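Chain by chain, the residues:
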Amino acid sequence: MILSVDLAADVPIYQQIRDQIVEAIAHGSLADGSPLPPTRTLAADFGINFHTVNKAYDLLRQEGLIRLSRGTGAVVTAPATDQLPADWTARTRTLLAEAVARGISTDEVLKACRTLLDSFGATQQEGTP
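Just so we're clear, the structure is a prediction, and the values are computed from it rather than from any experiment. (Residues numbered from 1 in each chain as written. Predicted model: local features only at pLDDT ≥ 70, side-chain atom pairs only at ≥ 80, totals over all residues. Heavy atoms only, no water.)

Quick word on the overall build of the chain
Turning to step 1, where the next piece is worked out: Counting secondary structure elements, the chain contains five helices and two strands.
Turning to step 2, where the next piece is worked out: Taking the principal axes of its C-alpha atoms as reference, the chain extends roughly 45 × 35 × 25 Å.
Turning to step 3, where the next piece is worked out: The buried share of the chain, reckoned over its 129 residues, is 19%.
Turning to step 4, where the next piece is worked out: Contacts spanning at least 24 positions in sequence make up 48% of the contacts within the chain whose residues lie at least 6 apart.
Turning to step 5, where the next piece is worked out: Carbon and sulfur atoms make up 55% of the accessible area of the chain, which totals about 9,200 Å².
Turning to step 6, where the next piece is worked out: Across the chain, 11 positive and 15 negative side-chain charges occur, with their mean positions spaced 7 Å apart. (Helix = DSSP H or I, 4+ residues; strand = E, 2+ residues; numbered from the N terminus. Buried < 20%, exposed > 50% of the residue type's maximum accessible area, 1.4 Å probe, protein only. Contact = heavy atoms within 4.5 Å. Areas by Shrake-Rupley, 256 points an atom, 1.4 Å probe, with all protein chains shown as cover. Lys, Arg positive; Asp, Glu negative; His and termini not counted. Charge placed at Lys NZ, Arg CZ, Asp CG, Glu CD.)

Structure follows, in structure tokens:
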């Protein structure tokens, strides 16, 4: 797994790490049982505080995407359910509101969503276009 962080970005570093790990899981490059680098190792690689990496890992743990243990470290775990996380609707609502505020058409939003889902190898559900 290759991660990169942009120290000058507006997005906090811990969020960048969390987001890239989620995308790696979605792409299938991190499967159930895949180990993640130790927090101190990853922090040293990026030249950042290990608490920053720890925060990213803790978010992933809270979201049920990894498990943390002293013996095995951080390991990707298959989600226990296929239900959307509680905050997913709120985050999606904000992104869609941004699209509307910028005058982006519904067709363009749906096209962008389909393109992104396809990039993760998402499969269509029966009955959806």
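What about the environment of Gly64?
Turning to step 1, where the next piece is worked out: For Gly64, the location among the structural elements is in the loop between α3 (50-62) and β1 (66-69).
Turning to step 2, where the next piece is worked out: Expressed as a C-alpha distance, the spacing of Gly64 and Pro79, which sit 15 residues apart in the sequence, is 6.0 Å.
Turning to step 3, where the next piece is worked out: Excluding anything up to four places from it in sequence, Gly64 contacts Thr77, Ala78 and Pro79.

Considerations on the confidence of the model for the chain
Turning to step 1, where the next piece is worked out: The predicted model of the chain averages 89 in pLDDT, with 91% of residues at 70 or higher.
Turning to step 2, where the next piece is worked out: Scored below 50 in pLDDT, residues 124-128 makes two contacts in the model with residues more than four places away or belonging to other chains. (pLDDT = per-residue confidence, 0-100.)

Focus: helix α4 (residues 88-101)
Turning to step 1, where the next piece is worked out: Its 14 residues give α4 an end-to-end C-alpha distance of 20 Å, which sits within 8% of 20 Å, the value for a rise of 1.5 Å per residue.
Turning to step 2, where the next piece is worked out: A positive backbone phi angle near 80° is found at Gly103, which sits one or two residues after α4. (Expected span 1.5 Å × (residues − 1).)

Focus on the pattern of salt bridges
Turning to step 1, where the next piece is worked out: Enumeration over the complete set of coordinates arrives at five salt bridges.
Turning to step 2, where the next piece is worked out: Between Asp118 and Arg114 there is a salt bridge, with its nearest N and O atoms 3.7 Å apart. In this pair, Asp118 and Arg114 both sit in helix α5 (residues 106-119), four residues apart, roughly one turn of the helix.
Turning to step 3, where the next piece is worked out: For Asp118, a relative accessible area of 43% puts it in the partly exposed group. (Salt bridge = Lys/Arg side-chain N within 4 Å of Asp/Glu carboxyl O.)

So, the packing of helix α1 (residues 13-27) against α3
Turning to step 1, where the next piece is worked out: Running from amino to carboxyl end, α1 crosses α3 at an angle of 45°, the nearest separation of the two axes being 8 Å. In this view, α1 runs oblique relative to α3, as classed from their interaxial angle. Read as a crossing pair, α1 and α3 show a hand that is right-handed. Listed contacts from α3 to Ile13, Tyr14, Gln15, Ile17, Arg18, Ile21 and Val22 of α1 are Thr52, Val53, Lys55, Ala56, Tyr57, Leu59 and Leu60. (Axes fitted to C-alpha atoms, helices over the stretch in contact; angles between N-to-C directions. Parallel < 35°, antiparallel > 145°, perpendicular 65-115°, else oblique. Left-handed = near helix turned anticlockwise from the far one by under 90°.)

Here's the deal with the packing of aromatic side chains
Turning to step 1, where the next piece is worked out: Inspection of the entire model under this criterion finds zero aromatic pairs.
Turning to step 2, where the next piece is worked out: Sitting over the ring of Phe50, Arg40 keeps its end group 3.9 Å from the ring centre.
Turning to step 3, where the next piece is worked out: Its guanidinium or amino end placed over the ring of Tyr14, Lys55 lies 4.2 Å from that ring's centre, counting from NZ or CZ. (Phe/Tyr/Trp six-rings, centres within 6.5 Å; stacked < 30°, edge-to-face > 60°. Lys NZ or Arg CZ within 6 Å of the ring centre and 35° of its normal.)

Some remarks on the nonpolar core
Grouped burial of nonpolar side chains is what soluble globular proteins tend to show.
Turning to step 1, where the next piece is worked out: Membership of the largest hydrophobic core comes to 18 residues, with the highest contact counts inside it found for Ile17, Ile21, Leu36, Leu42, Val53, Tyr57 and Ile66.
Turning to step 2, where the next piece is worked out: Counting only elements with at least two residues in this core, the list comes to α1, α2 (39-46), α3 and β2 (73-76).
Turning to step 3, where the next piece is worked out: Broken down by element, the residue count for this core peaks at four residues, all from α3.
Turning to step 4, where the next piece is worked out: With residues up to four places along the chain from it excluded, the contact list for Ile17 reads Leu3, Val5, Leu42, Phe46, Ile48, Val53 and Ala56. (Core = buried A, V, L, I, M, F, W, Y, C linked by side-chain atoms within 4.5 Å.)

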